[in-house]
Amino acid sequence: QVQLVESGGGLVQPGGSLRLSCSASGINFKIAPMNWYRQAPGKQRELVATVDSGGAADWAGFVKGRFTVSRDWARNTMSLQMNSLKPEDTAVYYCNTRWCQRDYWGRGTQVTVSS
């Protein structure tokens, strides 16, 4: 059974930082591609970052060097370090993987950027 569990969300002031984590089980984490998505109220879910099995990352344009994604293969976790947060970063952030030709999602973690 594939499970993805996000953690680390919360309320932060503009310009602040948060670190999200995604714990994965039920997949071969060493080879599974991993992604972060987000969905703001009233908007479609959008890709934030993707990191392949080798650790190479790709980013959405709005990240602009503010976020860093990493994988810990020993702990089967993926992290998203978010710096210089803006109010428009407010969203539910989801962990995602495509495994055995099927998409799996975590339940998400809320990130709110507000003064």
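Residues numbered from 1 in each chain as written. Predicted model: local features only at pLDDT ≥ 70, side-chain atom pairs only at ≥ 80, totals over all residues. Heavy atoms only, no water.

Caption draft 1: Layout of the side chain of threonine 109. Position of threonine 109 among the secondary structure elements: in strand β11 (residues 109–113). Of the polar contacts made by the side chain of threonine 109, one reaches the backbone nitrogen of glycine 9; its length is 3.1 Å. Residues within four places of threonine 109 in sequence aside, it is in contact with Glu6, Ser7, Gly8, Gly9, Leu20, Ala91, Val92 and Tyr93. (Helix = DSSP H or I, 4+ residues; strand = E, 2+ residues; numbered from the N terminus. Polar contact = N/O pair within 3.5 Å; in protein donor to acceptor, adjacent residues only side chain to side chain. Contact = heavy atoms within 4.5 Å.)

Caption draft 2: Representation of the pairing of β11. Only one face of β11 is buried, namely the one carrying Thr109, Val111 and Val113, since none of Gln110 and Thr112 on the opposite face is buried. Pairing of strand β2 (residues 10–12) with β11 involves 3 bridges; the strand directions are parallel. Residue pairing for β11: leucine 11 is matched across the bridge by threonine 112. (Buried < 20%, exposed > 50% of the residue type's maximum accessible area, 1.4 Å probe, protein only. Pairing = 2+ DSSP bridges.)

Caption draft 3: Region of the structure containing the nonpolar core. Membership of the largest hydrophobic core comes to 31 residues, with the highest contact counts inside it found for Met34, Trp36, Leu80, Met82 and Tyr93. Of all the elements in the fold, those that place two or more residues in this core are β3 (18–25), β4 (34–39), β5 (46–51), β7 (67–72), β8 (77–82), β9 (91–99) and β11. (Core = buried A, V, L, I, M, F, W, Y, C linked by side-chain atoms within 4.5 Å.)

Caption draft 4: Just the sheet that holds strand β1 (residues 3–7), in detail. Reading across from one edge, β1-β3-β8-β7 is the order of the 4 strands in this open sheet, with antiparallel pairing throughout. Strands at the two margins of the open sheet, each flanked by one partner only, are β1 and β7. Taking each pair of neighbouring strands and ignoring which way they run, the sheet shows an average axis angle of 15°. (Axes fitted to C-alpha atoms, helices over the stretch in contact; angles between N-to-C directions.)

Caption draft 5: Examining the pairing of β4 more closely. By the bridge criterion, 5 bridges tie β4 to β5 in an arrangement that is antiparallel. For methionine 34, the partnering residue across the bridge sits in β5 and is valine 51. Between β4 and β5, which pair antiparallel and follow one another directly, the connecting turn spans 6 residues, one of which, glycine 42, has a positive phi of 75°. Note: β4 against β9, 6 bridges, orientation antiparallel. Across the sheet, the residue bridging to tryptophan 36 is cysteine 95, located in β9.

Caption draft 6: Up close: the state of the cysteines. Enumeration over the complete set of coordinates arrives at 1 disulfide. Sulfur of cysteine 100: no disulfide; nearest cysteine sulfur belongs to cysteine 95 and is 16 Å away. Judged by its relative accessible area of 61%, cysteine 100 falls in the exposed class. (Disulfide = S-S within 2.5 Å.)

Caption draft 7: Spatial organisation of the packing of aromatic side chains. With the rule as written, the count across this model stands at 2 aromatic pairs. With a centroid separation of 4.9 Å and an interplanar angle of 65°, the aromatic rings of tyrosine 37 and tryptophan 105 are classed as edge-to-face. Taken together, the residues span a long stretch of sequence, with tyrosine 37 in strand β4 and tryptophan 105 in strand β10 (residues 102–105) at a distance of 68 residues. Given a relative accessible area of 37%, tryptophan 105 falls into the partly exposed group. A ring pair is formed by tyrosine 94 and tryptophan 105, whose centres lie 6.4 Å apart and whose planes are at 90°; its orientation type is edge-to-face. Placement of the pair is tyrosine 94 in strand β9 and tryptophan 105 in strand β10, with a sequence separation of 11 residues. Of the aromatic side chains, those joined through ring pairs into one cluster are Tyr37, Tyr94 and Trp105. A cation over a ring is seen here: arginine 38 above phenylalanine 62, with NZ or CZ 3.9 Å from the ring centre. Sitting above the plane of the tryptophan 105 ring, arginine 45 keeps its charged end 4.5 Å from the centroid. (Phe/Tyr/Trp six-rings, centres within 6.5 Å; stacked < 30°, edge-to-face > 60°. Lys NZ or Arg CZ within 6 Å of the ring centre and 35° of its normal.)

Such coordinate-based values are descriptive only and should not be taken to indicate function.
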